[in-house]
Structures are given as C-alpha cells and as structure tokens.
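Spelled out from the first residue to the last, the chains are:
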Amino acid sequence: MSELTATADADSAHTPVELILLRCPEVFCYKVPPQASAAGHRAEDWNLGEPRFTGRLHLVGVGSTLECRVLKQDDGDDAPVAVCPVRTGDKAPPVDAVVCAVVDSSRYFV
C-alpha cells in the first residue's frame, strides 16, 4: 500500500458520510422582523415581493446532524452561502423547536 493511499484511508475513516436528502432549485430568503405576537411569525410582514436573496437549498445528512445549506442559485459552485446544522438523535430537540411554520401560510417557515 502506498503512503498516499494509507493517508487517504486514515482521513476517510474520520470524515462523516454526507447524503443529500433534498434539493430545492429555488428558495427565497427574507429579513424576518421580530415576532409581533405570541401566535408566531407572519409571512405577510416580510415584504414577500422583495426577497433579500434567491438561491437553492440542500438538506444534507452529515453523520448525526442534518444541515440546511443555502447555495447561490445561478452559480455552478456548491459552496454554501449559509449553513444551519440541526442535531438529530435521541437527545436532540424536536424539529418544531428548530424550524417553525408561520401562522398565515403553509409555504413559509422560520
């Protein structure tokens, strides 16, 4: 076995496997104002006609974590613009504690 192969094998043993679970070709990111009431966020308060950023979204499983990765839309580069890790497993918080639906739409979430 060559030295290069041995190094690659040692590195891959510590690198978690990444699995793309979902690809959304177009997502819109908005500046979300503070929550106005205890009922929750309202999408109508976000100026929906003018998103701050339009991009792509990949949900990627990395080991025991789910990553929400926002990528540039028109760029072939898959380097993320933003990454939000969400822990999974027995001791992780429930998903609705991390990702919340808005009260006035089923299409938008915070």
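Our subject is the structure listed above.
Now for a description of the structure that goes with this document.

Rules of the game
Residues numbered from 1 in each chain as written. Predicted model: local features only at pLDDT ≥ 70, side-chain atom pairs only at ≥ 80, totals over all residues. Heavy atoms only, no water. Phe/Tyr/Trp six-rings, centres within 6.5 Å; stacked < 30°, edge-to-face > 60°. Helix = DSSP H or I, 4+ residues; strand = E, 2+ residues; numbered from the N terminus. Buried < 20%, exposed > 50% of the residue type's maximum accessible area, 1.4 Å probe, protein only. Pairing = 2+ DSSP bridges. Axes fitted to C-alpha atoms, helices over the stretch in contact; angles between N-to-C directions. Core = buried A, V, L, I, M, F, W, Y, C linked by side-chain atoms within 4.5 Å. Contact = heavy atoms within 4.5 Å.

**Let's talk about the packing of aromatic side chains**
Two aromatic rings, taken as a pair, are described by how far apart their centres are and by the angle between their planes.
Thought 1: Overall, the coordinates contain three aromatic pairs when judged by the stated rule.
Thought 2: Centroid distance Tyr-30 to Trp-46: 5.9 Å. Interplanar angle 35°. Geometry classified as tilted. One end of the pair, Tyr-30, is in the loop between β1 (18–29) and β2 (53–62); the other, Trp-46, is in the loop between β1 and β2, with 16 residues separating them in the sequence. A single burial state applies to Tyr-30 and to Trp-46, both of which are buried.
Thought 3: Pairing Tyr-30 with Tyr-108 gives two aromatic rings, centres 6.2 Å apart and planes at 75°, and the pair type is edge-to-face. Residue Tyr-30 is located in the loop between β1 and β2, and its partner Tyr-108 is located in the segment after β4 (80–87); the two are separated by 78 residues in the primary sequence. One exposure class covers both Tyr-30 and Tyr-108, and it is buried.
Thought 4: Ring pairs connect the aromatic residues Tyr-30, Trp-46 and Tyr-108, which therefore count as one cluster.

**Observations concerning the sheet that holds β1**
Thought 1: Taken in spatial order, the four strands make up an open sheet running β1-β2-β3-β4, and their pairing is antiparallel. On the outer flanks of this sheet lie β1 and β4, each paired with one strand and no other. This sheet shows a mean twist of 20° between the axes of neighbouring strands, independent of strand direction.
Thought 2: In this sheet, β2 lies alongside β1 in antiparallel orientation, the contact comprising nine bridges. From the neighbouring strand, Cys-29 faces β2, where its bridge partner is Phe-53.

**Considering the nonpolar core**
Thought 1: Core analysis: the largest hydrophobic core is formed by five residues, namely Tyr-30, Ala-43, Trp-46, Val-102 and Tyr-108.
Thought 2: Here Tyr-108 is in contact with Tyr-30, Ala-43, Trp-46, Leu-48, Ala-101 and Val-102, once residues within four sequence places are set aside.

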